[in-house]
Amino acid sequence: MSTSTMSTSTVPARAGTVRTARGTAPRLTFARVARAEWIKTGTLRSSYWTVGSTLAFTLLFAAGVLLVIPLAPTAEVPDPAAVIIDNYGAAPALGVIGFAGMFAYALVAIYGVLIVSSERSSSGLIATTLAAVPRRTPVLLAKLLVSSVVGAVIGLVAGAASFLLVQPTLAGFGLGSNLFDLDTLQALAGGSVFLGLIAAMSTAIGSLFRSTAAAMGAVLGLLVLAPTILPIIPGIGGIVSEFLPSTAGMMLFQSAAQVGWQPIVTGGAVLLAWTAGAAVVGGVLFTRRDV
Amino acid sequence: MIEVEHLTKRFGATTAVDDLSFTVRPGTVTGFLGPNGAGKSTTMRAIAGLVRPTTGTTRVNGMAVASHPAPLTEIGTLLDVRAAHPGRTAHAHLTALAATHGIGRSRVRDVLQLTGMEAAADRRVGSFSMGMGQRLGLAAALLGDPQTLMLDEPINGLDPDGIIWVRRFLRALAAEGRTVFLSSHLMSEMAQTADHLIVIGRGRLIADAPIAEVLADVGASRVAVTSPEADRLAAAIAAPGVAVTNIALGELEITGLDAAAISTVARELDIPVHELVTRTASLEEAYLALTDSALEYQAEPVSGR
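Reading guide: rules and limits
Residues numbered from 1 in each chain as written. Chains lettered and ligands numbered in written order. Predicted model: local features only at pLDDT ≥ 70, side-chain atom pairs only at ≥ 80, totals over all residues. Helix = DSSP H or I, 4+ residues; strand = E, 2+ residues; numbered from the N terminus. Buried ≥ 20, exposed ≤ 12 C-beta atoms within 10 Å, placed from the backbone. Contact = placed C-beta atoms within 7 Å. pLDDT = per-residue confidence, 0-100. Nonpolar A, V, L, I, M, F, W, Y, C, P; charged D, E, K, R; others polar. Expected span 1.5 Å × (residues − 1). Bend = angle between axes of the 7 residues up to and from the residue. Pairing = 2+ DSSP bridges. Axes fitted to C-alpha atoms, helices over the stretch in contact; angles between N-to-C directions. Parallel < 35°, antiparallel > 145°, perpendicular 65-115°, else oblique. Left-handed = near helix turned anticlockwise from the far one by under 90°.

## A closer look at the overall build of chain A
- Tallying secondary structure elements over chain A gives twelve helices and zero strands in all.
- Element order for chain A, N to C, with α for helix and β for strand: α-α-α-α-α-α-α-α-α-α-α-α.
- Along the first, second and third principal axes, the C-alpha atoms of chain A reach 85 × 45 × 35 Å.
- Out of the 291 residues in chain A, the part that is buried amounts to 45%.
- For chain A, the share of sequence-separated contacts (at least 6 apart) that also reach a separation of at least 24 residues comes to 76%.

## Thoughts on the confidence of the model for chain B
- When the pLDDT values of chain B are averaged, the result is 89; 92% of them are 70 or greater.
- Both scores are available for the predicted complex, with the pTM at 0.85 and the ipTM at 0.88.

## What to know about the interface of chain B and chain A
- The interface of chain B with chain A comprises 53 residues on the first partner and 46 residues on the second.
- Mapped by element, the contributors of at least two residues to the side of chain B that touches chain A are helix 2 (71-74), helix 3 (90-99), helix 4 (105-114), helix 5 (130-142) and helix 6 (160-175) of chain B.
- Within the side of chain B that touches chain A, the residues separate by chemical class into 28 nonpolar, 14 polar and eleven charged.

## Observations concerning helix 6 (residues 137-172) of chain A
Residue and element names in this part refer to chain A.
- Its 36 residues place the ends of helix 6 53 Å apart at the C-alpha level, agreeing with the 52 Å of an ideal helix rising 1.5 Å per residue.
- When the local axis directions of helix 6 are compared, the greatest deviation, roughly 40°, occurs at Val-166, which is followed within four positions by the proline Pro-168.
- Just downstream of helix 6, Gly-174 is the residue with a positive phi angle, here 70°.

## Structural notes on the sheet that holds strand 9 (residues 204-210) of chain B
Residue and element names in this part refer to chain B.
- Overall, mixed pairing links the six strands, which are arranged 5-6-7-3-8-9 in an open sheet. Pairing within the sheet leaves two strands with one partner each, and these edge strands are strand 5 (75-78) and strand 9. Strand after strand, the sheet turns through a mean of 15° between neighbouring axes, direction not considered.
- Alignment of strand 8 (residues 196-201) against strand 9, held across six bridges, turns out to be antiparallel. Opposite Ile-198, over in strand 9, you have Asp-208 as the bridge partner.
- Those strands touched by helix 6 are strand 3 (29-33), strand 6 (148-151) and strand 7 (179-184), and its axis lies near 150° from that of strand 7.

## Details of the sheet that holds strand 4 (residues 55-60) of chain B
Residue and element names in this part refer to chain B.
- Spatially, three strands are ordered 2-1-4 in an open sheet, and the strand pairing comes out antiparallel. Two strands lie at the open edges of the sheet, namely strand 2 (14-24) and strand 4, each paired on one side alone. Direction aside, the axes of adjacent strands within the sheet are offset by 20° on average.
- Note that strand 1 (residues 2-11) and strand 2 share seven bridges and pair antiparallel. Residue pairing across strands places Leu-7 opposite Leu-20, the latter belonging to strand 2.
- In the packing of helix 1 (residues 40-47) onto the sheet, contacts are made with strand 1, strand 2 and strand 4, and the angle to strand 1 comes to roughly 120°.

## Quick look at the packing of helix 4 (residues 92-121) of chain A against helix 6 of chain A
Residues and elements named next belong to chain A.
- At a closest axis distance of 8 Å, the pairing of helix 4 and helix 6 adopts a crossing angle of 150°. By the angle class used here, helix 4 and helix 6 are roughly antiparallel. Once helix 4 is placed against helix 6, the crossing between them reads as right-handed.
- The residue inventory of the contact of helix 4 with helix 6, partitioned by class, reads 17 nonpolar, seven polar and one charged.

## Observations regarding the packing of helix 3 of chain B against helix 5 of chain B
All names here are of chain B.
- The N-to-C vectors of helix 3 and helix 5 enclose an angle of 25°; their axes lie 10 Å apart at closest approach. On the basis of their axis angle, the class for helix 3 and helix 5 is roughly parallel. Crossing hand, helix 3 versus helix 5: right-handed. In contact with Ala-90, His-93, Leu-94 and Leu-97 of helix 3, helix 5 contributes Leu-136, Ala-139 and Ala-140.
- Looking at the contact of helix 3 with helix 5, its residues break down into six nonpolar, one polar and no charged.

Okay, structure coming up:
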């Protein structure tokens, strides 16, 4: 930094002269804190990397695999349509949307954790943030809002893009369907809510930890490891694992026409309860602990 | 204005701040001085609302900092050199912080200019030197044009030009009637910056007075005397309030009596005096004398002394 650019005599004008763009006196509001969090996530490269890789990874596995099935040699796969139905269900177009949610959720959880933990572990930014907003609750609420909106949008985009990508192939087998069918829209909305809640829950759990590694471990352990390990426990393991946030939440993108509304509503309620619980515990500790 | 009343903060078994009370007044630069680990940062973080006091209260401009509708316009803080995310640009960091209060982009440009950071505005914070990090922290503290500024070790990492700039800058802010409160563990930094000193050690208040008074109180002037009849002279001037130390054979160090009085006594008793010097304590000596008993990590004396 060249010292010649320093001003030695310029001082800001008398206190209290700073104004907002509208000419009013500056003041904290929740909408402004939320806007600040939105600016923060939009000005970090890591946000774009996480969102971009989530979408790329999801499209590759949800849609890409289906697209490859018809390319297999006819000697080995005489009836690709049957293979598709075997793997993606009777309504493969909806199955693809579900696969998108299943592939995206671990990466969305990472985004949810990073939005809060990066302020602590890679810098002392949290002190700057909370000195400006010393009541703290609006900061956590704003982070929950931003992460759930980003999660929900990823869910919507990943689901819709995967769906549209496989349509020409599915139509070739007479399995095509319309994006604006009620069933399709329901699965898309379910996937979007699923990822929105997963992101918010990850942010809430992430706020409990001082290090990113610990927060990641807790969130991915609960969302990814627990559903594969718990069912091993004989007797209760299977039942308990149904109430894990990711397992329950995955009911959200099932088709109501196929499974009925009851499991969808129950699954959604379980995930919502996890998210709300994590937000309350996170909120209480976030406002009380030393920074 | 910053008011701290009976602030105590314990971390487990460690008492970082112990029943500390002081007031930082507007229109002055107040230095917050103490050895490393004395509790300066904890006190400042409690004032900013980042650390919950175990007992006691802190107020900024009359209220708890969280009760103000626009905290950034009340108190600007610089509490950590790494106070911004390394992946964000200086401009983005300040824009996000300003957004919490609805402060516009023109003010972001203003504070970048004020702190000489315009050229670095679009660089990532992770590439900054410590001095640039301090400037960015100062820019963030100034965003709300606050009445009160609280800066933890703001001179750390600055080059000599930067130090002079910060000193002038803080003095000018105080001259406008603002409250400027800055910490340091180096007395020499404070000498040219602060009007008033609050000195703490082991979490307790050691001194709270104008800088000149702090110096005067800590044996500001000692008189060194060299005389072949030092013992006789020592006996002659002995009195309550007069301290005489034998620093070497024939050499005395006297506090509580000035050079003129000592020379009069010596002349009356016909004691030859080879040297008679008034020594004013340096800032560092005054500081050491103040905090000597309060050092958390006292070094072992070097053998042979």
